[in-house]
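Next come the chains, spelled out residue by residue.
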Amino acid sequence: MSIEVKFDLGAHLRQKVLDGRKLVVPYLTCGLPTPQDFIDLYVSLGEYADAIEVGIPFSDPVMDGPVIQASSVKALEAGITVDGCLGLISEALKRSSTPAVVMTYYNPVHSAGLHEFAAKASAAGVSGLIVPDLPYEECDELDRVLKQQQMALIQLVAPTTPAERASMLAAASRGWVYAVSRMGVTGMQESLASAASEVVDRIKPFTDIPVLVGVGISSPELAVEACRVADGVIVGTAVVKRVLEDDLEGVVGLIREIQKAVNQADR
Amino acid sequence: MTAPTTSTTAADARGRWGEYGGVFVPESLMEALRRLEAARSEAWADPDFHAELARLNKQVIGRPTPLYLASRLTEMAGGARIWLKREDMAFTGAHKINNTLGQLLLTKRMGKSRVLAETGAGMHGVATAAAAAYFGIPCRVYMGAEDTRRQSHNVARMKMLGAEVFPVATGTQTLKDAINEALRDWVTTVEDTHYVIGSVVGPHPFPQMVGDLQSVIGREARDQMLDQAGKLPNAVLACVGGGSNAIGIFRGFLEDAAVKIYGVEAAGTGVEGTPHSAAIGLGRPGVLHGARSYLLQDPDGQILPAHSVAPGLDYPGVGPEHSMLKDSGRVDYLTATDSDALAAFKALATSEGILPALESSHAVARGLDLAKQIGKGGDVLVCLSGRGDKDVDIVAGSLGL
Ligand SMILES: Cc1ncc(COP(=O)(O)O)c(C=O)c1O
């Protein structure tokens, strides 16, 4: 199964939401624990995930906490490259129809050249891109280039984003809107900050693509809580921690449980 | 005149210096940067702010710092007269205090209750800690673990001044990683915390703000040259880490077309294929720490480890205003190796009794060459950005003392 060329991530996910489903998007650091295991993990997780966010590691990840930082270091030390990452994603997508979204920092994209990066990512079957250090004001050119390749540029909205700006970001976002649950870098937390639902409330009226809450969602309980207001969750550190411990069954188990929990709680 | 704005050198409305600069940060920081820019432009337009800054410059920093004719060093070089702008004589021992007192004054104005900073050599950390103590504001400083070892003297100073020092053990454990960690802290604490960035780097408005606060160096130096030498220098030099002492002195001379301006980057060992810090000389444009600028990176856009014997120059990037000045050709960027810097350190120490910072020694090294080239009758102005007490262990080790 491979994704058709004109695939529209936002429309695809929106349809799922209209069908009454909550969405679950795990994050994997590309190439871990090994390139082959990464592909297998992508395929197994794809059974339970609505999309998979694949991190192309960057040497200086300022939005990431210690766990995802450690995973980036490990992947880079193992010799992963941008082309290598796109190659692995392309292999994974030959065996899975779960859409892949790339998350990376701006410099690797800038270094490759925006057109070249977009063309290669598109050829690999990537459906969208998250670039956490590329704010709205700087994203025009990348947004244009990605649109030409039918790829979504996903915007992030933070607890500190004022209401008017949130509406602008929500309207500009493609694929989904990423609601950052709290102030801080990626990591795990015990409870969901009240900021999370306030962010979602600020976004919802201005978009009809799904609004997903990310940063700190580490358990089925938190995911259920986030899904009271949001259309789904992104699960990063809790997944990567298990990957670093080589607990691949644990990863699949966690995402299966979260998927089950969020889609039962609502009924 | 102590007004920190210079009309010829400002970023555009998007924070761009030509194709460089900008605001490349997580969305969580965007609102804080917008408010910072609003507070900055309001303060910059307020005569009371300038009056207070002038008072701080005079009474706390001890400005104006002297313009010093290095007569015996001049003799040693055997050419143009060598003048030193003595930022090493500023309070806390380097130009960094010009920036930190200004930013702390702004912090108070914005009603923020905590500051954080990164530091490489520790001079910016010490200057932030001192300014924070002066204003009674708690201060945390991130410093690469490698730098806490090679600049332990400054770690002790920061702690004595009441700052918390956080060693950063990730990556190359130097300035780059300290900035990463400071940004991670700031993403979490931005609502009550101001990040006192230590050079003309980072997202807009930092390069503008820090450059404006440092431009007092060039304004004074130009007046002092006219007063003491009776003319402008043939050449002005400064070392470039992030580039704040350089922008500070350059801004005084950018419009004097006859004055040649040189930035000096650190070449590390100078051995081909080994790490160095010559972002402008050997890098290509990229995006790190919030801005687009020249950057040391591999073909995949991963940041390369930098190296210099001078921890304050040990950084793979450079401020965006420098990238613009490089492309426009107004400033030439040279390099000096670790051993060039050590030799210049020794020359200045024995000829003038001044122990310069190893960072500043890079500028002195190329200043000696230029003085020879330009010859008698000419004048060379070097920014002596800081004093070298912090470096006694490194230098003693290298010179086998
Ligand atoms: C004495 C001294 N000079 C120069 C520098 C380099 O910084 P900049 O290039 O911002 O002046 C430092 C930084 O730590 C320093 O301590």
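Residues numbered from 1 in each chain as written. Chains lettered and ligands numbered in written order. Predicted model: local features only at pLDDT ≥ 70, side-chain atom pairs only at ≥ 80, totals over all residues. Heavy atoms only, no water.

*Asks:* Pulling in residues and values, what's your account of the domain arrangement of chain B?
*Replies:* All names here are of chain B. Per the domain assignment, the segments of chain B are domain 1 (17-59 + 96-211) and domain 2 (62-93 + 215-399). A separation of 22 Å is found between the C-alpha centroids of domain 1 and domain 2. Taken residue by residue, the interface counts 44 residues in domain 1 and 46 residues in domain 2. Taken together, the two surfaces of domain 1 and domain 2 that pack against each other cover about 3,400 Å², and 60% of this comes from carbon and sulfur. The salt bridge involving Asp-314 is made with Arg-150; its shortest N-O contact spans 2.7 Å. Between the two partners, domain 1 and domain 2, sit 19 residue pairs in polar contact (both at pLDDT 80 or more). Among the elements of the structure, β2 (20-24), α2 (47-61), α4 (96-110), α5 (123-135), α6 (145-150), α7 (152-160), α8 (175-189) and α9 (206-214) are those that each provide at least two residues to the side of domain 1 that touches domain 2. (Domains from an automatic or database assignment. Contact = heavy atoms within 4.5 Å. Buried area = accessible area lost by both parts, 1.4 Å probe. Salt bridge = Lys/Arg side-chain N within 4 Å of Asp/Glu carboxyl O. Polar contact = N/O pair within 3.5 Å; in protein donor to acceptor, adjacent residues only side chain to side chain. Helix = DSSP H or I, 4+ residues; strand = E, 2+ residues; numbered from the N terminus.)

*Asks:* Give a description of the sheet that holds strand β6 (residues 139-144) of chain B that names residues and reports values.
*Replies:* Two modes of strand pairing occur in sheets, parallel and antiparallel, and in both the strands are linked by backbone hydrogen bonds. Residue and element names in this part refer to chain B. Read from one edge to the other, the open sheet built from 4 strands follows the order β7-β6-β5-β8, with strand pairing classed as parallel. Edge positions in the sheet fall to β7 (164-168) and β8 (193-195), since each has one partner strand and no second. Taking the axes of each pair of neighbouring strands and ignoring which way they run, one obtains an average angle of 20° across the sheet. Pairing of strand β5 (residues 114-119) with β6, which is carried by 5 bridges, proceeds in the parallel orientation. (Pairing = 2+ DSSP bridges. Axes fitted to C-alpha atoms, helices over the stretch in contact; angles between N-to-C directions.)

*Asks:* If you had to explain the interface of chain B and chain A to someone new, which residues and values would you point to?
*Replies:* On the side of chain A, 35 residues touch chain B, which itself brings 36 residues to the contact. Here chain B is connected to chain A by 4 salt bridges. The partner of Glu-27 of chain B in a salt bridge is Arg-165 of chain A, with the nearest N and O atoms 2.8 Å apart. On the surface where chain B and chain A come into contact, there are 22 residue pairs in polar contact (both at pLDDT 80 or more). Counting residues per element, the ones that place at least two in the side of chain B that touches chain A are β2, α1 (27-44), α8, β11 (284-288) and β12 (290-295) of chain B. Looking at the side of chain B that touches chain A residue by residue, the class counts come to 14 nonpolar, 9 polar and 13 charged. (Nonpolar A, V, L, I, M, F, W, Y, C, P; charged D, E, K, R; others polar.)

*Asks:* Hey, could you go over the nonpolar core for me, with residue numbers and the actual values?
*Replies:* Soluble globular proteins tend to pack their nonpolar side chains together in the buried interior. Counting residues in hydrophobic clusters, the biggest one holds 114 residues, and the most contacted among them are Trp-176 and Tyr-178 of chain A together with Ile-249, Phe-250 and Leu-381 of chain B. Element by element, the count of residues in this core is highest for α1 of chain B, at 8 residues. Domain assignment of the residues forming this core places at least three in each of domain 1 (17-59 + 96-211) and domain 2 (62-93 + 215-399) of chain B. The contacts of Ile-249 of chain B, once residues within four sequence positions are left out, are Lys-85, Ile-217, Gly-218, Ala-221, Val-236, Ala-238, Leu-381 and Cys-383 of chain B. Ranked by size, the runner-up nonpolar core spans 76 residues in total, among them Ile-80, Ala-118 and Val-200 of chain A together with Val-287 of chain B. (Core = buried A, V, L, I, M, F, W, Y, C linked by side-chain atoms within 4.5 Å. Buried < 20%, exposed > 50% of the residue type's maximum accessible area, 1.4 Å probe, protein only.)

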